[in-house]
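# Report on the structure
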Amino acid sequence: MRLMPPKGGEGTGKNCISGKERAMIRSYDCKIVLEDGQEYPGYRFGARTDRVCEIVFNTSMVGYQEIVSDPSYTGQMVVMTYPIIGNYGITDEDFETKLPTLGALAVREYNDIPSNFRYTKTLSEILEDHGIPAIEGIDTRRLTRSIRDHGSRKALLTGIGVAKEEALERLASTELPRDQVSLVSCRKRWYARTSNHRYNVVAVDCGIKLGIVRSLNQRGCNVTVVPYDTPAQAILDMEPDGVFLSNGPGDPEDVTPVIELVRAIRGRCPIFGICLGHQMIALAYGGRTYKLKFGHRGGNHPVKNLLTGRVEITSQNHSYAVDARTLRGTGLELTHQNLLDGTVEGVRCLRDKVFSVQYHPESAPGPQDSGYLFDQFIALMAAERKERRFPYAQKN
């Protein structure tokens, strides 16, 4: 536990602190400054550098390693609403990418002494290794309410001595990056093979999580991961049983190569999209997307499967959503809906063997209610393979 500087001096009586306690008190050495001038002082850990980011919050109680290493958070400052972060350290097996691109991290209390027999590094060490600054000791409840009420916006993590006027000037003059998929997509194809595989899947990397690759491997799929701008014909030449469109950061409308890819290959093999992949499928069919006020980020979002009536508790991380009003006449059918705000959580086109969901069924981190969606993808590939082998039997 880190003692906070007293608000009104040392005080007297019950509020008086001992010499030992006074020695334990640390002075604030950094702060978060928002565009509206709000300041949140705290203590640095991770990389010692300043950073301007879009600030968002995540309500997950566990899974900070997967959140920190999720490419969808590229360039964002994530505020963790759960108060203690770092207490089980970092394990080598649980990364979602080998090169985390998180913008910054903000927590209430950071624990630098993990209790976990699997841990190999502390959270602060990993953040420092990858140049990611972090702050602890701030009022995360107040900051989360501000984001909820006023929306995601630019924030600066900087030293405590930087004047507010200078911080606001830096915020105003800094443009947030666009087309972030080009920053996190692989530069060349790579392979994730499994023994006794049954299907070959091409995964279009817009910032793919390794948990998704593992989920496909566990179901007997060899996965070929390709850059986001791979031409449609190059993918078809690989003769895949199915194509997967991954999650990723930023505005889906910026990722025109993948939108054009969907238009070129739909109906020629099964397609499954998650998160950003879901949004790009909707855009390819003529739908529209829009930016949410503060997004969906957490592990307890209820989603109703409109085909079965079941409610799934889902893991989510996205700033954009598909506009349900624009799906009419596109050939896409609404299959899943968010029970908190009614937003689109899933669509499908039976004719083209295409389906997608906004949330993360690989559950890294999060509940495992939605793993059946990978099984649906397997079933579509099995049906497609049977149809190719026995085309006349299918028609009769």
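In this text the structure is predicted, and so the values were computed from the model without any measurement. (Residues numbered from 1 in each chain as written. Predicted model: local features only at pLDDT ≥ 70, side-chain atom pairs only at ≥ 80, totals over all residues. Heavy atoms only, no water.)

Any region with low pLDDT has predicted coordinates that should not be read closely. Taken over all residues, the pLDDT of the chain has a mean of 93, while the share at 70 or more is 92%. In this model, residues 6–20 is a region of pLDDT below 50 whose contacts with residues beyond four sequence positions or in other chains number seven contacts. In the predicted structure, residues 392–396 sits below a pLDDT of 50 and forms two contacts with residues beyond four places in sequence or in another chain. (pLDDT = per-residue confidence, 0-100. Contact = heavy atoms within 4.5 Å.)

Turning our attention to the sheet that holds strand S14 (residues 271–274). Judged by pairing direction, the sheet is mixed, and its 10 strands sit side by side in the order S10-S12-S11-S13-S14-S19-S18-S17-S15-S16 without closing on themselves. Where the open sheet ends on each side, the last strands, each with one partner, are strand S10 (190–192) and strand S16 (311–322). Averaged over all neighbouring strand pairs, the angle between strand axes comes to 25°, with direction disregarded. Of the pairings in the sheet, the one linking strand S17 (residues 333–338) to strand S18 (residues 344–349) comprises four bridges and is antiparallel in character. Across the sheet, the residue bridging to Leu334 is Val347, located in S18. (Pairing = 2+ DSSP bridges. Helix = DSSP H or I, 4+ residues; strand = E, 2+ residues; numbered from the N terminus. Axes fitted to C-alpha atoms, helices over the stretch in contact; angles between N-to-C directions.)

Moving on: the pairing of strand S4 (residues 76–80). Of all five residues in S4, five are buried, a share of seventy percent or more. Residues Gln76, Val78 and Met80 of S4 are buried on one face, and the alternating residues Met77 and Val79, pointing to the opposite face, are buried as well. Where strand S3 (residues 51–58) meets S4, five bridges bridge the pair, whose relative direction is parallel. If you follow Val56 over to S4, its bridge partner there is Val78. Of the strand pairs in this sheet, S4 and strand S6 (residues 104–106) are connected by three bridges, and their pairing is parallel. (Buried < 20%, exposed > 50% of the residue type's maximum accessible area, 1.4 Å probe, protein only.)

Turning our eyes to something else, we now look at the pattern of salt bridges. Evaluation of the coordinates by the stated rule reveals 23 salt bridges. The closest approach of N and O atoms between Glu54 and Lys291, which form a salt bridge, is 2.8 Å. In this pair, Glu54 sits in strand S3 while Lys291 sits in strand S15 (residues 289–305), placing the two residues 237 residues apart along the sequence. According to the relative accessible area criterion, Glu54 is buried, its value standing at 11%. Using a relative accessible area of 43% as the deciding quantity, one classes Lys291 as partly exposed. Asp94 is the salt-bridge partner of Arg118, the closest N and O atoms lying 3.3 Å from each other. Taken together, the positions of Arg118 in the loop between strand S7 (109–110) and helix H3 (123–129) and Asp94 in the loop between strand S5 (84–85) and S6 put the pair 24 residues apart, joining distant regions of the chain. Here the salt bridges do not stand alone but share partners, grouping Lys353, Glu384, Glu387 and Arg388 into one network. (Salt bridge = Lys/Arg side-chain N within 4 Å of Asp/Glu carboxyl O.)

The next thing to look at is the pairing of strand S8 (residues 133–136). Along S8, one buried face is formed by Pro133 and Ile135 and the opposite face, lined by Ala134 and Glu136, is buried too. Bridging between strand S2 (residues 39–46) and S8 involves four bridges; their strand directions are antiparallel. By the bridge assignment, Arg44 is partnered in S8 with Ile135. Pairing geometry for S6 and S8, over two bridges, is parallel. Bridge pairing links Ala106 to Ile135 in S8.

Okay, the side chain of His278 next. Relative to the elements of secondary structure, His278 occurs in helix H10 (residues 276–284). Look at His278 and you get buried, because its relative accessible area is 0%. His278 has contacts with Gly273, Val322, Val344, Glu345, Gly346, Val347, Ser356, Val357 and Gln358, leaving out every residue within four places of it along the chain.

Turning our eyes to something else, we now look at unusual backbone geometry. Here Ala364 and Pro365 are connected by a cis peptide whose omega angle stands at 0°. Position of Pro365 relative to the elements: it lies in the loop between strand S19 (354–357) and helix H11 (372–389). A positive phi is found at Cys275, a non-glycine position, where the angle reads about 60°. Positive phi values are uncommon outside glycine, yet Lys353 reaches one of about 55°. Considering the arrangement of structural elements, one finds Lys353 in the loop between S18 and S19. Using a relative accessible area of 18% as the deciding quantity, one classes Lys353 as buried.

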